[in-house]
Amino acid sequence: MDLKTRLLEDMQRSMKQREAGRFRLGVIRLARAAIKNAEVAQGRELDDAGVTEALAKEVKLRRDAVEEYQRLDRPDAVARLQEEIAVLLEYLPRQMSGDEVASVARRVMAEVGARGPGDLGRVMGRLIPEVRGKADGTLVRATVERLLAEETQ
């Protein structure tokens, strides 16, 4: 079953649960709206990879907002956003840990012959397609930068 169908079925299930499914229903509706907006922007229907990318963007937006609300000392908003993130993550592939990202990054660095920070673009160009939807881009970039800096030492 593709992700869009799964989201639709989960939305319908949440509607039937009435009060118990209200929060989940709202998150799924927001996710479906983000997918629809991405389809309109791209002028085509999204496949599972495109849906995954749209959902990953929604997770990133919420993670960024969590940081901001933590800075503003708003624990109520932080808790709500973290709950939304938890619902959205159910539809994304399992997220890679920092060690897993580092392992894949080392392999790609060896493949492209990366020697230092100047090779960041080459490494990222090969690495991002492999980890898209499975790892946060900020984590990937920081890991690659750290590994490339270690290469020069």
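Residues numbered from 1 in each chain as written. Predicted model: local features only at pLDDT ≥ 70, side-chain atom pairs only at ≥ 80, totals over all residues. Heavy atoms only, no water.

Draft legend 1. Broad picture of the confidence of the model for the protein. Across the protein, the average pLDDT comes to 90, with 99% of residues at or above 70. Across the protein, the secondary-structure element scoring lowest on mean pLDDT is helix α7 (residues 137-152), at 87, and the one scoring highest is helix α4 (residues 75-89), at 95. (pLDDT = per-residue confidence, 0-100. Helix = DSSP H or I, 4+ residues; strand = E, 2+ residues; numbered from the N terminus.)

Draft legend 2. Representation of the layout of surface pockets within the structure. In this structure, the largest pocket occupies an estimated 350 Å³ of space. Lining the largest pocket are 16 residues, and of these Ala-56, Gly-133, Ala-135, Asp-136 and Gly-137 lie nearest its centre. Going through the elements one at a time, α3 (48-71), α6 (120-131) and α7 are the ones with two or more residues in the lining of the largest pocket. If you tally residues by element for the lining of the largest pocket, the top one is α3, at six residues. Taken together, the residues of the lining of the largest pocket sort by class into six nonpolar, four polar and six charged. Considering only enclosed or pocket space, the second largest pocket measures out at about 160 Å³ in volume. Forming the boundary of the second largest pocket are Ala-34, Ala-38, Gln-42, Arg-44, Leu-46, Asp-47, Ala-49, Gly-50, Glu-53, Ala-54, Lys-57 and Glu-58. Those elements that provide at least two residues to the lining of the second largest pocket are α2 (22-42) and α3. For the lining of the second largest pocket, the leading source of residues is α3, giving six residues. Here the residues of the lining of the second largest pocket sort into five nonpolar, two polar and five charged. (1 Å grid on protein atoms, 1.4 Å probe; cavity = no way out; pocket = protein on both sides within 12 Å on 5 of 7 lines; lining within 4 Å. Points joined across faces, edges and corners; volume = space filled by probe spheres on them. Nonpolar A, V, L, I, M, F, W, Y, C, P; charged D, E, K, R; others polar.)

Draft legend 3. View of the packing of α3 against α4. Contact geometry of α3 with α4 gives a least axis separation of 9 Å together with a crossing angle of 160°. Looking at the two axes, α3 sits roughly antiparallel to α4. The interaxial crossing formed by α3 with α4 has left-handed handedness. Touching Leu-55, Glu-58, Val-59, Arg-62, Arg-63, Ala-65, Val-66, Tyr-69 and Gln-70 of α3 are Ala-77, Val-78, Leu-81, Gln-82, Glu-84, Ile-85, Leu-88 and Leu-89, all from α4. Among the residues making up the contact of α3 with α4, the classes are represented as 11 nonpolar, two polar and four charged. (Axes fitted to C-alpha atoms, helices over the stretch in contact; angles between N-to-C directions. Parallel < 35°, antiparallel > 145°, perpendicular 65-115°, else oblique. Left-handed = near helix turned anticlockwise from the far one by under 90°. Contact = heavy atoms within 4.5 Å.)

Draft legend 4. Region of interest: the nonpolar core. Among the nonpolar cores identified, the biggest contains 22 residues, and Leu-7, Ile-35, Val-51, Leu-55, Leu-88 and Tyr-91 are the most heavily contacted of them. Those elements that place two or more of their residues in this core are α1 (3-16), α2, α3 and α4. Among the elements that take part in this core, α2 stands out by supplying six residues, more than any other. Residues contacting Val-51, with those up to four places away along its chain left out, are Leu-3, Lys-4, Ile-35 and Leu-46. In this structure, Val-112, Leu-120, Leu-147 and Leu-148 belong to the second largest nonpolar core, which totals 19 residues. (Core = buried A, V, L, I, M, F, W, Y, C linked by side-chain atoms within 4.5 Å. Buried < 20%, exposed > 50% of the residue type's maximum accessible area, 1.4 Å probe, protein only.)

Draft legend 5. The arrangement of the side chain of Arg-62 in detail. With respect to the helices and strands, Arg-62 occurs in helix α3. The contact partners of Arg-62, leaving out residues within four places of it in the chain, are Leu-30, Leu-81, Glu-84, Ile-85 and Leu-88.

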